[in-house]
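Okay, here's what each chain looks like letter by letter:
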Amino acid sequence: MDKDEHIAQLRARRQRIEAIETALESIRELESSLQEMREILLQQRKAERTERLADIREADKAGVPKTRISKEVGLSRANLYNHLKGTPADE
């Protein structure tokens, strides 16, 4: 291989490495965005669950049957009772 071929080979290798580094940087940025979205969604879920608990308690005080409440909110009756007692299990 002459000098020009070595130079061409080195340039090609550099281009491939730079392309990989660019792709990795894009992935890092995407991961960061996804992590931010995840945190936002976790906060929203926590707020919704808190509001749901208030709604459950209001419905229970209004006399809505617990079986109906559990069906409408998608909780088992056991978990609903735990929510009403203030000790909810993981959903």
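Residues numbered from 1 in each chain as written. Predicted model: local features only at pLDDT ≥ 70, side-chain atom pairs only at ≥ 80, totals over all residues. Heavy atoms only, no water.

Engineer: Whenever I open this one, the pattern of salt bridges confuses me. Can you help?
Structural biologist: When their charged atoms lie close together, side chains carrying opposite charge are able to pair. With the rule as written, the count across this model stands at 4 salt bridges. Residues Glu18 and Arg14 are paired through a salt bridge, measuring 2.8 Å at the closest nitrogen-oxygen approach. In this pair, Glu18 and Arg14 are both assigned in helix α1 (residues 3–61), 4 residues apart and thus about one turn of the helix distant. Classification of Arg14 by relative accessible area gives exposed; the value is 56%. Measuring nitrogen to oxygen at the nearest pair gives 2.9 Å for the salt bridge that ties Glu72 to Arg68. Of this pair, Glu72 and Arg68 are both found in helix α2 (residues 66–73), 4 residues apart, which corresponds to roughly one turn of the helix. (Salt bridge = Lys/Arg side-chain N within 4 Å of Asp/Glu carboxyl O. Helix = DSSP H or I, 4+ residues; strand = E, 2+ residues; numbered from the N terminus. Buried < 20%, exposed > 50% of the residue type's maximum accessible area, 1.4 Å probe, protein only.)

Engineer: Explain the packing of α1 against helix α3 (residues 77–85) to me, please; I cannot follow it from the model alone.
Structural biologist: Each packed pair of helices is defined by two parameters, the angle between the axes and the distance between the axes. Where α1 meets α3, the axes come as close as 10 Å, and the angle between the chain directions of the two elements is 95 degrees. What the angle tells us is that α1 and α3 run roughly perpendicular. Residues Arg52, Leu53, Ile56, Arg57 and Asp60 of α1 touch α3, and the partners they reach there are Leu80, His83 and Leu84. For the contact of α1 with α3, the class distribution of residues is 4 nonpolar, 1 polar and 3 charged. (Axes fitted to C-alpha atoms, helices over the stretch in contact; angles between N-to-C directions. Parallel < 35°, antiparallel > 145°, perpendicular 65-115°, else oblique. Contact = heavy atoms within 4.5 Å. Nonpolar A, V, L, I, M, F, W, Y, C, P; charged D, E, K, R; others polar.)

Engineer: Looking at this structure, how should I read the packing of α1 against α2?
Structural biologist: For the pair α1 and α2, interaxial distance at closest approach is 10 Å and the crossing angle is 155 degrees. When the axis of α1 is compared with that of α2, the two are roughly antiparallel. Helix-helix and strand crossings are classified by hand; for α1 and α2 the assignment is right-handed. Within the contact between the two elements, α1 uses Arg52, Ile56, Ala59 and Asp60 and α2 uses Lys66, Ile69 and Val73. Class assignment of the residues belonging to the contact of α1 with α2 gives a composition of 4 nonpolar, no polar and 3 charged. (Left-handed = near helix turned anticlockwise from the far one by under 90°.)

Engineer: Please explain α3 as it appears in this structure.
Structural biologist: Each α-helix winds once per 3.6 residues, and so residues spaced three or four apart point in a common direction. Three or more residues of α3 are buried, namely Asn79, Leu80 and His83. In an axial view of α3, the angular spread of the buried residues amounts to 105 degrees, which keeps them on one side of the axis. Exposed side chains of α3 directed beyond 90 degrees from the buried face belong to Ala78 and Lys85. Taken together, the buried residues of α3 touch α1 and α2. Two residues or fewer after α3 comes Gly86, characterised by a positive phi angle close to 90 degrees. (Arc of directions from axis to C-beta.)

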